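# Observations on chain architecture
Residues per chain, in single letters:
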Amino acid sequence: MLAFVLRRLIQAVVVMLTVAFIAFMLFQYVGDPVTNLLGQDATPEQRQQLRADLGLDASFAVQFARFVGNAVRGEFGLSLRQGRKVSSLIVERFPATIELALSAAVIALAVGIPLGVYTALRRGRFGSQVFMTLSLLGVSLPTFLIGILLILVFAVLLKLLPSFGRGEVVMLGGWSTGWLTIDGWKHLVLPAITLAVFQLALIMRLVRAEMLEVLRTDYIKFARARGISDHAVYFGHALKNTLVPVITITGLQLGALIAFAIITETVFQWPGMGLLFIQAVQFADIPVMAAYLCLIALIFVLINLFVDLLYFAVDPRLRIERPATAH
Amino acid sequence: MSQPLLEVKHLRVEFPTRRGTLVALDDVTFDIAPGEILGVVGESGAGKSLTGASIIGLLEPPGRIAAGEIWLEGGRIDDLPPDRMRAIRGRRIGAIFQDPLTSLNPLYTIGRQLVETIQTHLPLNAGDARARAIALLQETGIPAADARFDQYPHQFSGGMRQRVVIALALAAEPKLIVADEPTTALDVSIQAQIIALLKRTAKQHGAAVMLVTHDMGVIAEASDRVAVMYAGRIVEIGPVQQVIHQPAHPYTVGLMGSIPSMESARERLLQIDGAMPRLNAIPPGCAFNPRCPKVFERCRRERPDLLQAPSTRAACWLVGPSSEGVR
Amino acid sequence: MSTTTTAISPAAKPGRWQRFLDSDLWFSFTHSPTAIIAAAIALVCVTCALFANWIAPHNPFDLATLDLMDARLPPAWEEGGSSKYVFGTDDQGRDILSALMYGSRISLFVGLASVALSMLIGVGLGLLSGFIGGAVDGFIMRVCDVMLSFPSILVALLIDGVGRALFPNAHESLAFSVLVIAIALTGWVQYARTVRGSTMVERNKEYVQAARVIGVAPLRVMFRHVLPNVLGPVLVLATIQIAGAIITEATLSFLGVGVPPTSPSLGTLIRIGQDFLFSGEWWITIFPGLMLVLIALSVNLLGDWLRDALNPRLR
């Protein structure tokens, strides 16, 4: 098991270095690195100074190493658009995105898994058909459109919920949370649902497909042949075997949620990292793009690692290192 | 004569498809006496497994029992509601399937699977159930049963797993065990052990066995009587030694002749031309008539019932008091 | 058989068309109401898009025909609407229905182009990977793994953003190319994997070695045998991906980083319309939205049907 963890860690480092490399290329060659670091208002003297300091005639490897060193410390220079330090921008926006993504994840899992199980066990029934159609709709509707529709119904027509911003937030140390106020929750509802819909539909279809596969296996047939009750077969044997592969997917989906938050944040003007990134893309604000890229890569890598470890805990087949003993 | 344990009467199983109804089992009739081992032999697709599946009530839709009756210990079981049938499965009829690797749930310890089966049918508490499970494991030849109780299926070799499967099938003391190709997936050296184990434990527990296989060697070794199936029908049935050495049906003759033997010297193995007909192309009259070396007019017109031959019963017009063909 | 001059010839084999009509695929299609409806809807949308020039009642992008007096009219069936603009107009006086048709054309074009490119890249790399094997295969598979773990929207945004930074005053066709490439690069991985799998299976078969001995380029032989095998799954993938590509393009355009503003697609139209939701002019955003959903839904349904129809296990 140790070998496995070590291998995954090395893989993770390789991925991070690759991403850092891409970000570095962006930094150096797309636009001017001096401008990236000093901002647009730097004087020619400052630029000269920085060029000398940076030793931009230094070798590629050295510059890359310096970039990585900076990146590890969170130093990405100044935003071209706003003139502020990239790191502080990101830190400011981080909680908003994370809270949104987590809320959406909880919704997607809490609704998606039971629905998936239901539509697998009650195939062909009317309710199942309805849910399957809805799930198809969920996958065919682009996230931004869902957001707009929700705004139309709940904010414009019914005037029940707000349609932009985060509302009232409470500062817990450095973390601004919207989970502690009613107003914060009211602002969270529509964006969280919007973000959750696509994932919900995916999870539901995945759980259903997996469960149907599992129900076809020999061990389920054998369990039935032994007279095990339907309840035990479905919720004991089948469900456990279904959820194991579902775990990996949902873990990875959390990463996807953070990325898809870009869209939701744009629709609802939610002050998170996603909105920051979009504005950076529109403006060709390279430092912000590079920083966001590295951060997202880090989050993904960490989630992947965690999911792999989770697999170990859940699937006994992976835990054993010795081969099966002789008969 | 004591009452037969299992009576199958004129069983007919159909599969409705979009191109018409396929008849997979046609007028299958046989008995099994208490404690007897009946071998059911035939090529792939002859209907052996389907017969077993029908008896335990696990026929896969769209297959369905279209006609006939199945009686267990004097009570009819083919028309029972699902929960009554479920109570019978495991408790009065046990089942063993072909592939021990896929018959066991990989995520549960074998001990857990055993205890679950035991407690489903017998009113034992956890401690007693565990003791009984370990006793079963010891009986089926698993060394260090106590320790292996908490191990997972992948930690066992193929032969060991099949022993566990046999233990599971016997867990609730059924009177009949349906064994569907129990040795086909195992190494040849293990096959003999497993067959011997099956015979011994069945005798010890007083259970009858319906042993389905395409391997005549296994049949010869283990069964008391044997039924030969072809194209969904039984073509010959009788005590095993008679069927092997004095077969009456031309198909059985061909089957026995195609088995290489160290005892008799022969120039070439017998071969039956042609192949078993597909379910949608079964010829009228006797299903074997296109391939039969002794075919005559009546064979193509009328389908024979099981008629009395000198030592067995065969579905052939060559046999019985009103035979008109060439002997 | 007939006793004329062709007495020896066998009965004519049913023609290709007849075989197709007899096939399981056609049977499954004609017996699936959802597939038929989906195909019909898709056909209507594609026709509108293709023939927008001729069918659309107005040309919303010809500035000369726009009349600001006609701006913000509601759909024809509402009070204040006019039958000249069936679905209403936007803030510049553009007819929504016509904008829909032109917009669909752009959306469909980008969607189809990127899927085609995706297929090309994916199938090509898959063949390469499976056939050459070794380090090349290992490298390509690594890249696949890394790409799969990143959500498509991020990849598309990144490439688009880099494109913008590199070519700040891009020509319109360049902007389109960048967009198509960006979306294409999000979807090629699945083709690569499928094709690679089949290629590896075929590569080990004896006829490939035999071809090598004879001197026929194995590559040519592989094309003739591998390609037919993978056609099924690749087609299903393509159909499902078209909907995804269209949605991705719409999303990028909605975010303001997709098609150039001079050629608005459905996503752009929706973005423009969002500003008018609160003033009650819902039609500017809802109708393009509906069109988008119809296209995506019908293509998804067709993809679902195709996958079930081609799945040997479900037959």
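Residues numbered from 1 in each chain as written. Chains lettered and ligands numbered in written order. Predicted model: local features only at pLDDT ≥ 70, side-chain atom pairs only at ≥ 80, totals over all residues. Heavy atoms only, no water.

### Side note on the overall build of chain A
- From N to C terminus, chain A includes twelve helices and two strands.
- Buried residues in chain A amount to 51% of all 327 residues.
- Summarising the internal contacts of chain A: among those between residues at least 6 apart in sequence, 71% fall at separations of at least 24.
- As presented, chain A carries roughly 14,800 Å² of accessible surface, and 68% of it is formed by carbon and sulfur atoms. (Helix = DSSP H or I, 4+ residues; strand = E, 2+ residues; numbered from the N terminus. Buried < 20%, exposed > 50% of the residue type's maximum accessible area, 1.4 Å probe, protein only. Contact = heavy atoms within 4.5 Å. Areas by Shrake-Rupley, 256 points an atom, 1.4 Å probe, with all protein chains shown as cover.)

### With respect to the side chain of B:T183
- Tracing the sequence through the fold places B:T183 in the loop between β7 (176-180) and α8 (188-205).
- Leave out the neighbours within four places in its chain, and B:T183 touches B:Q191, B:I194, B:I195 and B:V218.

### Things to note about the interface of chain B and chain A
- The partner chain A presents 25 residues to the 31 residues of chain B that form the contact.
- Interface area for chain B against chain A, summed over the two sides, is near 2,700 Å², with a carbon-plus-sulfur share of 60%.
- If you sort the residues of chain B by the area they bury against chain A, B:F97, B:L107 and B:H154 come out on top, with a joint share of 22%.
- Inspection of the chain B/chain A interface yields zero salt bridges.
- Joining chain B to chain A, the criterion identifies eleven residue pairs in polar contact (both at pLDDT 80 or more). (Buried area = accessible area lost by both parts, 1.4 Å probe. Salt bridge = Lys/Arg side-chain N within 4 Å of Asp/Glu carboxyl O. Polar contact = N/O pair within 3.5 Å; in protein donor to acceptor, adjacent residues only side chain to side chain.)

### Details of the pairing of β7(B)
Residue and element names in this part refer to chain B.
- With five of its five residues buried, β7 lies for the most part within the structure.
- As judged from the four bridges shared by strand β6 (residues 93-96) and β7, these two strands associate in the parallel manner. Considered in β7, the bridge of I93 is made with L176.
- With five bridges joining them, β7 and strand β8 (residues 208-213) adopt parallel strand pairing. Note that in β8 the partner of L176 across the bridge is A208.
- Taken together, β7, α8 and β8 form a β-α-β motif whose crossover is right-handed. (Pairing = 2+ DSSP bridges. Right-handed = clockwise from strand over helix to strand, strands pointing away.)

### Focus on the confidence of the model for chain C
- With 88% of its residues at a pLDDT of 70 or more, chain C shows a mean pLDDT of 78.
- Note on residues 1-11 of chain C: pLDDT is under 50 here. Beyond four places in sequence and across chains, it has four contacts. (pLDDT = per-residue confidence, 0-100.)

### Observations regarding the interface of chain C and chain A
- Contacts between the two partners involve 37 residues from chain C, matched on the other side by 42 residues from chain A.
- For the pair chain C and chain A, the summed buried area comes to about 3,300 Å², and 82% of that belongs to carbon and sulfur atoms.
- The interface formed by chain C and chain A includes zero salt bridges.
- Listed by contribution, the elements that provide at least two residues to the side of chain C that touches chain A are α7 (152-166), α10 (218-254), α11 (266-274) and α12 (283-310) of chain C.

### Section: the packing of helix α4 (residues 110-121) of chain B against helix α7 (residues 158-170) of chain B
Residues and elements named next belong to chain B.
- Where α4 contacts α7, the axes come no closer than 9 Å and their chain directions differ by 20°. The orientation of α4 with respect to α7, classified from their angle, is roughly parallel. The two elements α4 and α7 meet at a crossing, and its hand is right-handed. Across from I110, Q113, L114 and T117 in α4, the residues of α7 making contact are V164, A167 and L168.
- Class assignment of the residues belonging to the contact of α4 with α7 gives a composition of five nonpolar, two polar and no charged. (Axes fitted to C-alpha atoms, helices over the stretch in contact; angles between N-to-C directions. Parallel < 35°, antiparallel > 145°, perpendicular 65-115°, else oblique. Left-handed = near helix turned anticlockwise from the far one by under 90°. Nonpolar A, V, L, I, M, F, W, Y, C, P; charged D, E, K, R; others polar.)

### As for the sheet that holds strand β2 (residues 20-32) of chain B
Residue and element names in this part refer to chain B.
- Strand order across the open sheet formed by four strands is β2-β1-β4-β5, with antiparallel pairing between neighbours. A single partner strand is all that each edge strand has here, and the edge strands are β2 and β5 (75-76).
- For strand β4 (residues 64-72) and β5, the ladder comprises two bridges, and the chain directions are antiparallel. Of the residues in β5, the one forming a bridge with L72 is G75.
- The sheet strands contacting helix α1 (residues 48-56) are β1 (6-17), β2 and β4, and the helix crosses β2 at an angle near 75°.

### Some thoughts on the nonpolar core
- Judged by nonpolar contacts, the single largest core of 148 residues is most densely connected at A:F144 and A:F277.
- Ranked by residues supplied to this core, first place goes to helix α10 (residues 230-268) of chain A with 15 residues.
- Setting aside its immediate chain neighbours within four residues, A:F144 contacts A:I263, A:V267, C:A250, C:T251, C:F254, C:I270 and C:L292.
- Within the second largest apolar cluster, 96 residues are counted, among which are B:L114, B:V164, B:L176 and B:C292. (Core = buried A, V, L, I, M, F, W, Y, C linked by side-chain atoms within 4.5 Å.)

### As for the side chain of B:E36
Residue and element names in this part refer to chain B.
- Looking at the secondary structure, you find E36 in the loop between β2 and β3 (37-41).
- With relative accessibility at 11%, the residue E36 sits in the buried group.
- Of note is the side chain of E36, whose polar atom sits 2.8 Å from the side chain of R225.

### Examining the environment of A:T18
- Relative to the elements of secondary structure, A:T18 occurs in helix α1 (residues 2-29).
- Distance from A:T18 to A:C294, taken between C-alpha atoms, is 9.9 Å for residues 276 residues apart in sequence.

### A word on the sheet that holds strand β9 (residues 225-230) of chain B
All names here are of chain B.
- Across the sheet, eight strands lie side by side as β6-β7-β8-β3-β9-β10-β12-β11; this open sheet has mixed pairing. Each having just a single partner strand, β6 and β11 (307-308) make up the two edges of the open sheet.
- For strand β10 (residues 233-239) and strand β12 (residues 313-314), the ladder comprises two bridges, and the chain directions are antiparallel. Opposite I237, over in β12, you have R313 as the bridge partner.
- Running at roughly 165° to β6, α7 makes contact with β6 and β7 of the sheet.
- Most of the contacts of helix α11 (residues 250-257) go to β9, to which it runs at about 105°, and overall it touches β9 and β10.

### Points about the packing of aromatic side chains
- Per the counting criterion, the structure on display carries twelve aromatic pairs over all chains.
- Here C:W282 and C:F287 contribute two aromatic rings whose centre-to-centre distance is 5.6 Å and whose plane-to-plane angle is 45°, an arrangement assigned as tilted.
- Here the aromatic cluster, defined as three or more aromatic residues joined through ring pairs, consists of B:Y230, B:Y251 and B:F288.
- Taking NZ or CZ as reference, A:K221 lies 4.5 Å from the ring centre of B:F97, over its face.
- For B:R112, the ring lying beneath its charged end belongs to B:Y108, and the centroid distance is 4.1 Å. (Phe/Tyr/Trp six-rings, centres within 6.5 Å; stacked < 30°, edge-to-face > 60°. Lys NZ or Arg CZ within 6 Å of the ring centre and 35° of its normal.)

### Looking at the pairing of β4(B)
Residue and element names in this part refer to chain B.
- Judged from the seven bridges that link them, β1 and β4 form a sheet pairing that is antiparallel. Looking across to β4, one finds that R12 is bridged to A67.
- Between β4 and β5, which follow one another and run antiparallel, lie two residues, and E73 among them has a positive phi close to 50°.

### Notes on the pattern of salt bridges
All names here are of chain B.
- Inspection of the entire model under this criterion finds 21 salt bridges over all chains.
- A salt bridge links R12 to E14, with the nearest nitrogen and oxygen atoms 3.0 Å apart.
- A relative accessible area of 26% places R12 in the partly exposed class.
- Note that D78 is salt-bridged to R76, the shortest N-O span being 2.9 Å.
- Residue class for R76 comes out partly exposed when judged on its relative accessible area of 30%.
- One continuous salt-bridge network, built from bridges that share partners, spans R12, E14, D26, R64, R233 and R303.

### What to know about unusual backbone geometry
All names here are of chain B.
- Following P61, the chain continues into P62 via a peptide bond in cis, with omega recorded as 5°.
- For P62, the location among the structural elements is in the loop between α1 and β4.
- Here D27, not a glycine, exhibits a phi torsion of approximately 60°, which is positive.
- Within the secondary structure layout, D27 lies in strand β2.

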